[in-house]
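Each chain, written out:
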Amino acid sequence: MGISNPADFLAFHKPNMYMIECKTTAGASLPFKNISGYQLKSLWEAFIKFSIDSYVIVWYYDKGVCIAIPISVIKEMIDEGKKSIRYDHNDSRIIEITGTKKRVYYDWNWKLLFY
């Protein structure tokens, strides 16, 4: 309590820097209220001020789907009054992370994100 982190991960894949916030959900959608206002603000500022690629990665584990959503898409949706994002949201800017399922978890192909 009382500690705020801007994101779960900072990553560097030459020449790009990334800020990544990871979420999981059992349902078909992720409510934006599950992402703190501080994290949304931090991801957006990193993207605008410093050109850091900022993503929220969501694993919809009941659906077996993992997607990387750019913060610009999330900001757009919030500004339009949307409250959540579905696993099957159709937007060419969203990256689907594929993987091989082990028993419960996946071996994800992160090359799709770190181009």
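Here the structure is a predicted model, which means the values were calculated and not measured.

About the criteria used
- Residues numbered from 1 in each chain as written.
- Predicted model: local features only at pLDDT ≥ 70, side-chain atom pairs only at ≥ 80, totals over all residues.
- Heavy atoms only, no water.
- Helix = DSSP H or I, 4+ residues; strand = E, 2+ residues; numbered from the N terminus.
- Expected span 1.5 Å × (residues − 1).
- Buried < 20%, exposed > 50% of the residue type's maximum accessible area, 1.4 Å probe, protein only.
- Contact = heavy atoms within 4.5 Å.
- Pairing = 2+ DSSP bridges.
- Salt bridge = Lys/Arg side-chain N within 4 Å of Asp/Glu carboxyl O.

A. Representation of helix α1 (residues 37–50) in the model. In this model, α1 (14 residues) spans 19 Å end to end at C-alpha, consistent with the 20 Å of a helix rising 1.5 Å per residue. Of the positions making up α1, those classed as buried are Q39, L40, S42, L43 and A46. As for α1, its buried residues are in contact with β2 (16–25), β4 (53–60) and α2 (71–79). Note on α1: the residue one or two positions beyond its end, S51, has a positive phi of about 55°.

B. Representation of the pairing of strand β5 (residues 65–70). When you tally the buried positions in β5, you get six out of six residues, the bulk of the element. Connecting the antiparallel pair β4 and β5 is a turn made up of four residues, with G64 showing a positive phi of about 70°. One ladder, built from three bridges, connects β5 with strand β7 (residues 95–97); its direction is antiparallel. Paired with A68 across the strands is I95, a residue of β7.

C. How the structure looks around the pattern of salt bridges. The tally for this structure, following the rule as stated, stands at seven salt bridges. Ionic pairing is found between K75 and D79, a salt bridge with its closest N-O pair at 3.0 Å. With a gap of four residues between them, K75 and D79 both fall in helix α2, about one helical turn apart. Taking the relative accessible area as the measure of exposure, K75 reaches 30% and is therefore partly exposed. The shortest N-O distance in the salt bridge between K82 and E80 comes to 3.0 Å. If you follow the salt bridges from partner to partner, you end up with E76, D91 and R93 in one network.

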